[in-house]
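# Per-entry structural report
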Amino acid sequence: DACRRGDVHFCDTMTATGVNHDGGFAEYCVVLEKQAHVIPDSVPFEEAAMCEPVACCLHGIDLCNIKAGDTVMIVGGGTIGMIMLQLAQMSGAVRCVLLDVNEKRFDLAHKLGAELSLNPAKDDVPAELKKHGFDDIRVVIECAGRPETVMNAIEYAGKAATVMIFSLTEPDCAIPFMPFAAFKKELTLKTSFVNPNTQGRAAQIITSGRLNLHDLISDRVALDDINEAFKPGMRNGKTVIIP
């Protein structure tokens, strides 16, 4: 009954409905009461449903140790990258740059606070970073999950920077890695796995309204039409399933 009213949202555990148990794409699912988080009526269902990716991003942001005044690079401007862009600023980043080959994402990135957007497929990234004064990138967050984007993240990181390899590559993906390049810059390489103990914080941030999630949702699909969500043309942003 409470779930129908929209008073509760998602469970704060790695043993989650839709992950380790069936039920993620269903009209109803059951969670333990102690694992439920209250959301107010003012939060739209579509934005509340973003709690899981926001919680995952929060765990990654925590591991980045962003400090007030830092310059941050986001590699990949999909839904996760746009969430990371906003969370980086909430954590203290004062300058953010986005790298993405899809320039259609640049307007939204600037709306969400990116100062500079570059296309690594055609822009001279080092020259552009120097031109715009982005010569001390303290944190790079890789959000695309491709060999070339992981390499970009390592290449453009500044001295003593933290490189967060956040997105998933294919399990057998391998990239050429030159330890000497990381050695000279004293890089710290980090990864992030799911969302331990961050679901409640994610719900609080979404409730606060400080994250722009509305503009990240590109499509809304009814549960009966869920197969439509997996078609290639629906991959322009975040598709929300309406039960």
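Report follows, based on the coordinates. (Residues numbered from 1 in each chain as written. Predicted model: local features only at pLDDT ≥ 70, side-chain atom pairs only at ≥ 80, totals over all residues. Heavy atoms only, no water.)

## Quick look at the overall build of the protein chain
A tally of helices and strands in the protein chain yields 9 helices and 10 strands. Looking at the protein chain as a whole, 42% of its 243 residues qualify as buried. Put simply, 65% of the contacts in the protein chain that link residues at least 6 apart link residues at least 24 apart. With an accessible surface of roughly 13500 Å², the protein chain has 53% of that area assigned to carbon and sulfur atoms. (Helix = DSSP H or I, 4+ residues; strand = E, 2+ residues; numbered from the N terminus. Buried < 20%, exposed > 50% of the residue type's maximum accessible area, 1.4 Å probe, protein only. Contact = heavy atoms within 4.5 Å. Areas by Shrake-Rupley, 256 points an atom, 1.4 Å probe, with all protein chains shown as cover.)

## Let's talk about the packing of helix 3 (residues 51–64) against helix 9 (residues 199–208)
At a minimum axis separation of 8 Å, helix 3 and helix 9 run at an interaxial angle of 110 degrees. In terms of orientation, helix 3 lies roughly perpendicular with respect to helix 9. Considering only the axes of helix 3 and helix 9, their crossing is right-handed. Residues Cys51, Glu52, Val54, Ala55, Leu58 and Asp62 of helix 3 touch helix 9, and the partners they reach there are Gln199, Arg201, Ala202, Ala203, Ile205 and Ile206. Grouping the constituent residues of the contact of helix 3 with helix 9 by class yields 8 nonpolar, 1 polar and 3 charged. (Axes fitted to C-alpha atoms, helices over the stretch in contact; angles between N-to-C directions. Parallel < 35°, antiparallel > 145°, perpendicular 65-115°, else oblique. Left-handed = near helix turned anticlockwise from the far one by under 90°. Nonpolar A, V, L, I, M, F, W, Y, C, P; charged D, E, K, R; others polar.)

## So, the nonpolar core
Considering soluble globular proteins, one finds that nonpolar side chains tend to be buried as a cluster. Formed by 40 residues in total, the largest nonpolar core has its most connected members in Val72 and Ile141. Residue assignment for this core shows that the elements contributing at least two residues are helix 3, strand 3 (71–75), helix 4 (79–90), strand 4 (95–99), helix 5 (106–111), strand 6 (139–142) and helix 9. Sort the elements by how many residues they give to this core and helix 3 lands first, with 8 residues. Other than its neighbours up to four places away in sequence, Ile141 contacts Ile61, Cys64, Val72, Met73, Ile74, Val75, Met84, Met164 and Phe166. Counting residues in hydrophobic clusters, the runner-up holds 20 residues, among them Val97, Leu99, Ile137 and Ala182. (Core = buried A, V, L, I, M, F, W, Y, C linked by side-chain atoms within 4.5 Å.)

## Structural notes on the packing of helix 3 against helix 4
In contact at an axis separation of 10 Å, helix 3 and helix 4 are set at 55 degrees when each is read in the N-to-C sense. Comparing their axes, helix 4 and helix 3 come out oblique. When you trace helix 3 past helix 4, the crossing you get is right-handed. Counted together, Pro53, Val54, Cys57, Leu58, Gly60 and Ile61 of helix 3 and Ile80, Ile83, Met84, Leu87 and Ala88 of helix 4 form the full contact between these two elements. In the contact of helix 3 with helix 4, the residues fall into 10 nonpolar, 1 polar and no charged.

## Brief notes about the pairing of strand 8 (residues 188–191)
Bridge count between strand 7 (residues 162–165) and strand 8: 4 bridges; the pairing is parallel. What sits directly across from Met164, in strand 8, is Lys190. Tracing the backbone out of strand 7, into helix 8 (residues 179–185) and back to the parallel element strand 8 gives a crossover that is right-handed. (Pairing = 2+ DSSP bridges. Right-handed = clockwise from strand over helix to strand, strands pointing away.)

## Details of the sheet that holds strand 5 (residues 116–118)
Where strands meet in a sheet, backbone hydrogen bonds hold them as pairs that are either parallel or antiparallel. Across the sheet, 6 strands lie side by side as 5-4-3-6-7-8; this open sheet has parallel pairing. Looking at strand neighbours, the two that pair on one side only are strand 5 and strand 8, the edges of this open sheet. The sheet shows a mean angle of 15 degrees between the axes of neighbouring strands, direction not considered. Helix 4 contacts strand 3, strand 4 and strand 6 of the sheet and is inclined by roughly 170 degrees relative to strand 3.

## Looking at the pairing of strand 3
Across the 5 residues that make up strand 3, a large majority, 5, are buried. Going residue by residue along strand 3, you find Thr71, Met73 and Val75 tucked away on one face and Val72 and Ile74 tucked away on the opposite face as well. One ladder, built from 5 bridges, connects strand 3 with strand 4; its direction is parallel. Bridged to Val75 within strand 4 is Leu99. Viewed along the sheet, the connection from strand 3 through helix 4 into strand 4 turns out right-handed. The sheet contact formed by strand 3 and strand 6 spans 4 bridges and is parallel. For Val75, the partnering residue across the bridge sits in strand 6 and is Glu142.

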